[in-house]
Amino acid sequence: MVKLNTKNLGFRIQLTLSIFVLLTAIPIGMMWYSSSEQILQNSVQQLFRQSNQVITSHLDDFFDEAHLVYQHQITEQQYLPAVVKQRDNLLKYLANVLAHHDEIDYFYFASANGSLLSLGRDEFGNFIRIESDHDKAGPTTSYSTDSAGIGSEVINTNAHFDPRTRQWFQRAIKTKGPVWSDIYPGAIENVLGVSLANALYDNNGNFLGVWGLDLTLSTLEHELQKNILSTNSRILLISDQGAIIASSDKDLPALMNLGTPLTPIVNVIWENIYGTPPSNTIEVNQYPLQNSTWMTAHTKYKLGEERYLTILLISPICDFIGEFINAKYYAVLFTIIAMLLAMYFGSQGARYILKPINQLQATVKRITLGKWSSRTQLDREDELGALSRSFDNMAEHLQETICQLKDEQKETTRLNNLLAYNNQELERKVQERTSELQNANIQLQLLANFDPLTQIANRRHFWQLFEQRSKNNTGWLLVLDLDNFKSINDTYGHLAGDRVLQHFCSVCQSCIGTHALFGRIGGEEFALYVNDHDVFNIHRYAQQLLACVRNTPITLDGNSIQITTSIGVTHSTLDKKNVYAEADKMLFKAKTAGKDRVIFLSETSPLS
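Rules and cut-offs
Residues numbered from 1 in each chain as written. Predicted model: local features only at pLDDT ≥ 70, side-chain atom pairs only at ≥ 80, totals over all residues. Heavy atoms only, no water. Phe/Tyr/Trp six-rings, centres within 6.5 Å; stacked < 30°, edge-to-face > 60°. Helix = DSSP H or I, 4+ residues; strand = E, 2+ residues; numbered from the N terminus. Buried < 20%, exposed > 50% of the residue type's maximum accessible area, 1.4 Å probe, protein only. Axes fitted to C-alpha atoms, helices over the stretch in contact; angles between N-to-C directions. Parallel < 35°, antiparallel > 145°, perpendicular 65-115°, else oblique. Left-handed = near helix turned anticlockwise from the far one by under 90°. Contact = heavy atoms within 4.5 Å. Nonpolar A, V, L, I, M, F, W, Y, C, P; charged D, E, K, R; others polar. Disulfide = S-S within 2.5 Å.

Side note on the packing of aromatic side chains
- For the structure on display, the rule yields 16 aromatic pairs.
- Centroid distance Tyr108 to Trp168: 5.0 Å. Interplanar angle 65°. Geometry classified as edge-to-face. Placement of the pair is Tyr108 in strand S1 (residues 106–111) and Trp168 in helix H4 (residues 167–173), with a sequence separation of 60 residues. There is no split in this pair, since Tyr108 and Trp168 are both buried.
- Here the aromatic cluster, defined as three or more aromatic residues joined through ring pairs, consists of Tyr108, Trp168, Phe169, Tyr201 and Phe207.

Considering the packing of helix H12 (residues 494–512) against helix H13 (residues 535–550)
- Running from N to C, H12 and H13 point in directions that differ by 140°, and their axes come no closer than 10 Å. Considered as vectors, H12 and H13 are oriented oblique to each other. Helix-helix and strand crossings are classified by hand; for H12 and H13 the assignment is right-handed. The segment H12 lies against H13, with Phe504, Val507, Cys508, Ser510, Cys511 and Ile512 engaging Tyr541, Leu545, Cys548 and Val549.
- For the contact of H12 with H13, a count of residues per class yields nine nonpolar, one polar and no charged.

Brief notes about unusual backbone geometry
- Located in the positive-phi region is Gln455, a residue other than glycine, with phi close to 60°.
- Take Gln455: it is sitting in the loop between helix H9 (383–449) and helix H10 (459–470).
- The backbone of Asp557 shows a phi angle near 50°, a positive value even though the residue is not glycine.

A word on the state of the cysteines
- Inspection of the entire model under this criterion finds one disulfide.
- Across a sulfur-sulfur distance of 2.0 Å, Cys511 and Cys548 are joined as a disulfide pair. Here Cys548 lies in helix H13 and Cys511 lies in helix H12, a separation of 37 residues in the sequence.
- Cys508 provides the cysteine sulfur closest to Cys505, a residue in no disulfide bond, and the two sulfurs are 6.6 Å apart.

As structure tokens, then:
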């Protein structure tokens with residue numbers, strides 16, 4: 001048919017217009033389609049990176065709590081050999097550490113003879129003491145106790161237990177510093193745990209035993225569930241051996257190895273990322289799996305020497321597309337409609353343009369056939385008369401063409417207005433999504449840096465700010481601890497305890513001034529950093545803070561409760577590396593001396 005119509009001018013015009021419209025509309029449609037894909041991918045990548053930062057920060061807080069115990073032990077190294085030789089002193093030491101570190105579930109000491117003394121909390125917060133029946137490896141008994149480890153109610157017995165055969169004990173005696181064990185199932189069903197152990201030697205280098213502390217991973221699972229990005233998203237912590245340590249999916253059992261039918265998608269992803277070298281940057285990839293495209297991101301978290309946890313985030317891309325996919329469909333539909341309209345109006349225009357020529361051709365043919373009546377109404381019968389009549393005919397049709405062009409111009413204006421409106425709507429939606437992402441980023445930053453209960457700096461953020469301020473300045477570090485806080489919790493409940501903590505922070509903030517750095521570093525433990533070079537000023541400052549707290553009671557259940565605090569103070573100088581340990585030691589002395597007081601390190605006390 002093309003060959004038959006190649007000499008037809010109208011057909012060639014219509015064919016040329018169609019090719020031109022196709023070459024114009026298809027690239028525009030492809031540009032719209034690819035730009036929406038890029039926006040979607042960049043948005044999901046940003047969400048993955050933010051979620052990974054939150055999880056990494058929580059892992060740092062989780063594991064740093066355990067290392068902090070052994071950092072404190074360095075300052076008390078000379079006293080520890082005497083502590084472990086006397087059972088009551090050792091129990092008191094274990095209870096004191098647990099009281100200052102809420103993340104630790106069990107703290108224990110295994111002697112070189114194989115005897116064990118352990119104190120910890122179960123998942124309901126009940127204290128349990130596990131103790132060898134003799135001064136060597138053998139039978140052990142579990143007791144229900146108070147927070148100080150005092151109690152004689154038997155919970156369970158074990159015919160024989162030798163800690164020297166355990167993985168954490170063997171690793172500790174082969175390493176100079178604290179070492180993590182492999183992750184293992186704990187005593188409570190479906191609860192995973194990990195131990196950080198450290199060997200103890202006396203001043204002569206004789207081996208005395210191994211300290212150990214246990215952390216359960218249940219809080220990590222809650223954190224992963226809070227940070228899932230969509231309904232079908234999953235976040236997993238995977239060991240180097242390919243075992244799922246923690247997961248946001250409750251259907252995956254503890255310590256399950258990959259490769260099972262329960263994890264078909266993770267199995268494929270793990271085959272591609274297993275053995276990849278550690279990197280500080282998160283890698284985002286796409287995988288077409290199970291008739292859907294999955295977005296994945298992974299990074300490695302260092303747990304010890306050559307030991308890592310892989311943080312894996314996966315989500316089907318369909319969870320995020322929403323309006324993006326609609327925009328793509330609208331772009332394709334709009335392109336097709338524009339092509340059809342352009343082809344239709346091009347065809348009509350071509351026909352309209354060719355009409356005068358066809359009429360002239362028909363008139364010529366009729367005259368050629370002898371139909372003289374087809375001549376135009378002109379007085380002249382020569383060729384000029386015929387041209388004039390043809391021109392008049394073309395003029396009439398030109399007026400009709402102008403009217404048609406005006407109608408087409410109105411239609412084009414309407415289409416342009418519609419296109420501008422659609423562009424404005426698309427820009428407004430992009431701006432709304434950008435604003436939502438910015439707000440989400442601000443909320444994540446607040447969650448990462450501030451304590452949600454008291455709205456002051458959390459432990460990690462406080463120590464970051466402390467390091468920045470004390471880097472090139474000297475000042476004073478005050479460590480505060482609420483007195484008798486446990487008894488308030490036991491009497492009035494934990495909600496009342498939360499009110500007491502908020503009240504305490506509000507009172508302190510009204511007293512300390514705007515230039516002091518204030519943060520919550522433990523359950524009821526707080527830290528305050530002040531830039532002041534005068535020891536007498538800081539002594540008066542601490543006494544005023546004590547009086548302010550003491551003189552501002554709180555009303556609980558209709559009762560006015562007076563709260564007090566104990567404060568340990570040390571001087572922070574550029575050459576000091578253990579200011580927190582010094583202040584914490586002074587805090588312990590303040591507690592021991594009767595509470596509601598402030599004790600300075602002797603070298604900075606104005607009374608020394």
